[in-house]
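Descriptive analysis of the structure
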Amino acid sequence: MSAVIPVSADWLTLREAADAGSRSHALVAQAGRMLRPPVTIHDLGSGTGSMPRWLAPLLPGPQTWVLHDWNDALLQHAASADLHDRDGASITVRTRPGELGALRGRDLDGASLVTASALLDVLSADEISAIVAACIDAGAPALFALSVTGQVLLDPVDPGDRLFAASFNDHQRRTVEGRRLLGPDAPAVAADLFRSAGWSVSVADSHWRLAGGDRALVSEWMHGWLAAAVAQRPALREWAAEYARQRAAQIAAGELRVIVEHIDFLAWPP
Ligand SMILES: C[S@@+](CC[C@H](N)C(=O)[O-])C[C@H]1O[C@@H](n2cnc3c(N)ncnc32)[C@H](O)[C@@H]1O
């Protein structure tokens with residue numbers, strides 16, 4: 001099994017409200033029309049369970065969620081949540097620890113819908129192929145939310161913006177223990193795999209639009225964005241430190257607006 005790349009529960013909690021405000025309701029409505037209760041939803045890369053907390057109350061019950069992740073500590077956190085469907089009825093939650101690169105159709109048993117959020121860009125091409133093949137084998141629609149596109153817009157603009165963004169995107173495409181991650185290329189690769197199998201795909205924007213009221217999230221996002229850019233290109237260290245100081249002052253004054261582009265897509269079988 002590949003080494004688990006740690007994701008902090010604190011980071012997932014910090015971004016949860018922005019994620020919830022950004023995912024596409026139009027695609028949920030479209031997916032909802034394909035569901036016949038009882039509903040079984042397999043969520044891939046569940047982390048602390050942000051996707052079921054957001055989606056379960058938008059869908060009819062009875063609902064069973066099966067949460068997949070290779071990080072058992074995050075799964076335990078997710079499973080402890082008290083979740084309800086849109087009629088207020090409790091939902092059943094099961095966890096399935098494991099590596100998504102080894103996912104097979106039989107692991108998605110009974111799926112009415114497969115979901116993921118903020119997952120695809122941290123996977124390799126082989127892992128995405130395995131996931132798409134498993135979804136196609138299971139024959140259930142797939143709603144993959146919040147994949148970064150690599151585009152970031154900051155206001156006020158700064159000459160460093162494009163350079164740090166490019167270096168961050170290269171970092172997202174890095175190789176980790178022999179796995180070359182797809183980063184911002186991932187959603188297009190996944191959607192094309194579904195289309196090649198004859199599935200239909202609907203795409204919607206789900207950009208984060210962050211402003212003065214999102215200081216904590218913007219600060220943490222900025223810190224991680226610059227750290228990754230410098231890890232990729234250490235020659236940027238000094239410039240990044242100066243850039244970070246200027247951006248921190250703008251964040252403190254509520255003057256910085258950031259759009260971090262994401263897309264959601266829904267794929268369904270012929
Ligand atoms: C950025 S987090 C998103 C978590 C959650 N979906 C959310 O939106 O808050 C990505 C999650 O995918 C899991 N993950 C990443 N690569 C994985 C892999 N190859 N196999 C299983 N889980 C993986 C991580 O442990 C993490 O919980």
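Summarised in this report is the structure supplied together with it.

Thresholds, definitions, all that
Residues numbered from 1 in each chain as written. Predicted model: local features only at pLDDT ≥ 70, side-chain atom pairs only at ≥ 80, totals over all residues. Heavy atoms only, no water. Helix = DSSP H or I, 4+ residues; strand = E, 2+ residues; numbered from the N terminus. Buried < 20%, exposed > 50% of the residue type's maximum accessible area, 1.4 Å probe, protein only. Phe/Tyr/Trp six-rings, centres within 6.5 Å; stacked < 30°, edge-to-face > 60°. Near = heavy atom within 4 Å. Polar contact = N/O pair within 3.5 Å; in protein donor to acceptor, adjacent residues only side chain to side chain. Areas by Shrake-Rupley, 256 points an atom, 1.4 Å probe, with all protein chains shown as cover. Nonpolar A, V, L, I, M, F, W, Y, C, P; charged D, E, K, R; others polar. Salt bridge = Lys/Arg side-chain N within 4 Å of Asp/Glu carboxyl O. Expected span 1.5 Å × (residues − 1). Arc of directions from axis to C-beta. Contact = heavy atoms within 4.5 Å. Pairing = 2+ DSSP bridges. Right-handed = clockwise from strand over helix to strand, strands pointing away.

**Structural notes on the environment of A227**
- Of note, A227 is situated in helix α8 (residues 215–232).
- Taking the relative accessible area as the measure of exposure, A227 reaches 41% and is therefore partly exposed.
- In this structure, the C-alpha to C-alpha distance between A227 and F168, residues 59 residues apart in sequence, is 8.5 Å.

**Description of the packing of aromatic side chains**
- Under the criterion given, the structure shown has 10 aromatic pairs.
- Centre to centre, the rings of W225 and Y243 are 6.3 Å apart; their planes meet at 45°, and the pair counts as tilted. Of the two residues, W225 is situated in helix α8 and Y243 in helix α9 (residues 237–252); the sequence distance between them amounts to 18 residues. In terms of burial, W225 and Y243 fall into one category: buried.
- Joined through ring pairs, the aromatic side chains of F164, W221, W225, W239 and Y243 make up one cluster.

**What about the site of the ligand?**
- Of all residues adjacent to the ligand, which total 19 residues, the nearest are G45, D69, L100, S117 and A118.
- In the model, a nitrogen atom of the ligand is placed 2.8 Å from a nitrogen or oxygen of the G45 main chain.
- A distance of 2.6 Å separates an oxygen atom of the ligand from a polar side-chain atom of D69.
- Against a free-state accessible area of 590 Å², the protein chains account for coverage of 96% of the ligand.
- For the shell around the ligand, the residue count by class is nine nonpolar, seven polar and three charged.

**Let's talk about the pattern of salt bridges**
- Under the defined criterion, the tally for this structure stands at 10 salt bridges.
- R15 serves as the salt-bridge partner of D19, at 2.8 Å between the closest nitrogen and oxygen. Linking D19 with R15, this pair stays in helix α1 (residues 9–22), spanning four residues, or about one helical turn.
- A relative accessible area of 3% places D19 in the buried class.
- Between D161 and R247 there is a salt bridge; the shortest N-O distance is 2.9 Å. In this pair, D161 is assigned in helix α6 (residues 160–172) and R247 in helix α9, connecting sequence segments 86 residues apart.
- Residue classification places D161 among the buried positions, given a relative accessible area of 10%.

**Focus: α9**
- When the terminal C-alpha atoms of α9 are compared, their 22 Å separation across 16 residues agrees well with the 22 Å that a helix rising 1.5 Å per residue should span.
- By the burial criterion, the buried members of α9 are A240, Y243, R247, Q250 and I251. For α9, the buried positions fall inside an angular range of 95° around the axis, keeping them on one side. Across from the buried face of α9, at angles greater than 90 degrees, the exposed residues are E238, R245 and A252.
- Close packing links the buried residues of α9 with β5 (142–155), α6 and α8.
- In the stretch just after α9, G254 is the one whose phi turns positive, near 70°.

**Overview of helix α5 (residues 125–138)**
- Taking 1.5 Å per residue, 14 residues should reach 20 Å; α5 reaches 20 Å between its end C-alpha atoms and fits that length.
- Taken together, the buried positions of α5 are E127, I128, A130, I131, V132, A134 and C135.
- Here the buried face of α5 lies against β1 (39–44), β4 (113–117), β5, β7 (179–180) and α7 (186–196).
- In the stretch just after α5, G139 is the one whose phi turns positive, near 75°.

**Considering the pairing of strand β3 (residues 92–97)**
- When strand β2 (residues 63–69) meets β3, the two strands line up parallel, connected through six bridges. Its bridge partner lying in β3, H68 is registered against R96.
- Traced from β2 through helix α4 (residues 72–79) to β3, the parallel crossover comes out right-handed.

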